[in-house]
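Take a look at the letters that make up each chain.
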Amino acid sequence: MARLLIVDDEEKIREMIGKYAIHEGHEVTLACDGKQAINLFKKNDFDVVILDIMMPKLDGIEVCKKVRETSNVPILMLTAKSSIEDRIEGLNAGADYYLTKPFDTRELLACINALLRRQGGQVDEMVFGNTTLDLSSCTLICEDKSIRLSAKEFDVMRFLMQAKEKNVAKELLLVRVWGFESNATENHVEVYVGFL
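These remarks concern the structure in this document. By convention here, each chain's residues receive numbers from 1 onward along its written sequence. Only residues with pLDDT of at least 70 are given local features in this predicted model, and only at 80 or more are side-chain atom pairs given and counted; all residues enter the totals for whole chains, interfaces and linings. Hydrogen atoms and water are omitted, and side-chain values are computed over all heavy atoms in the structure.

1. Some details on the nonpolar core
Within the largest apolar cluster, 23 residues are counted, with the highest numbers of intra-cluster contacts made by Leu5, Val7, Val49, Leu51, Ile75 and Met77. Elements supplying a minimum of two residues to this core: strand S1 (3-7), helix H2 (34-43), strand S3 (48-51), helix H3 (60-70) and strand S4 (75-79). Contacts are assigned to residue pairs with any non-hydrogen atoms lying within 4.5 Å of each other. Excluding anything up to four places from it in sequence, Leu51 contacts Val7, Gly60, Val63, Cys64, Ile75, Leu76, Met77 and Leu78. The criterion is simple. A nonpolar core is a set of buried Ala, Val, Leu, Ile, Met, Phe, Trp, Tyr and Cys residues joined through side-chain atoms within 4.5 Å. The buried label applies to any residue whose accessible area, calculated with a 1.4 Å probe on protein chains only, is under 20% of its type's maximum; exposed applies above 50%, and partly exposed to all values in between. One finds Leu4, Ile6, Leu108 and Ile112 within the second-largest nonpolar core, a separate group that totals 18 residues. Where helices and strands are cited, they refer to DSSP runs of H or I of at least four residues and of E of at least two residues respectively, numbered from the N terminus.

2. Examining the pattern of salt bridges
A pair is scored as a salt bridge if a Lys or Arg side-chain nitrogen falls within 4 Å of a carboxyl oxygen belonging to Asp or Glu. Scanning all chains against the criterion turns up 12 salt bridges. Between Asp47 and Arg3 there is a salt bridge, with its nearest N and O atoms 3.2 Å apart. Here Asp47 is found in the loop between H2 and S3, whereas its partner Arg3 is found in strand S1, with 44 residues between them in sequence. Looking at Asp47, the relative accessible area reads 3%, which means it is buried.

3. Some details on the side chain of Glu153
Mapped onto the secondary structure, Glu153 falls in helix H6 (residues 151-163). Neither His nor the chain ends is counted toward charge; the positive residues are Lys and Arg and the negative residues Asp and Glu. Buried and unpaired, Glu153 has Arg148 as its nearest opposite-charge partner, separated by 9.2 Å. Ignoring anything within four residues of it in the chain, the contact list for Glu153 reads Tyr192, Phe195 and Leu196.

4. A word on the sheet that holds strand S7 (residues 131-134)
On the basis of which strands lie adjacent, the open sheet formed by 4 strands has the order S6-S7-S8-S9 and antiparallel pairing. The sheet is open, and its two borders are formed by strand S6 (125-128) and strand S9 (145-148), each paired with just one other strand. Put simply, the sheet's adjacent strands are angled 15° from each other on average, direction ignored. Angular values range over 0 to 180 degrees, each being the angle between N-to-C directions of two axes fitted as lines to C-alpha atoms, with helices fitted over their stretch in contact. Sheet contacts for H6: S6, S7 and strand S8 (139-142); angle to S7, the most-contacted strand, approximately 130°. Only strands joined by at least two bridges in the DSSP assignment are considered to pair.

Written as structure tokens, this is what we have:
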């Protein structure tokens, strides 16, 4: 689980990103403008900052520069400003990645995961009860036993561990692990859960 600060003056976008991030198992804090974002950043530790550019009080470029004065936290700029000059300005201000609106949620989540992987340490493993999933080696560890998972087994296990005690529908696992475009069926889910 990572702690995300999501900063966007559009409530629908802010809440949509937050909903998807929470579904992935992350802890989310929302801010509606740059000034609020800076205040929250000073009081909390975040693993990733997702930042809009065009906001009241303090724009995303200024927020990014202020954050960079004291922290190397990964910053993902998420904005409607899509020209090459805008991208250069955002990256030069200290952003690690620049994603333009409208965006595909899967790409956004992949970007967040990529930024988290760069941090190492705190996001190298997921733990639930006496079971640990090592994200760097795709190894599942339970007490003194361990097994290296295949890529698909790893994806299924990671999703189940993110859900923790919640029930996960087969249909949801199918979409999240195999994707919308896949020809896989619910039987595939049953087979891989059986393997695990």
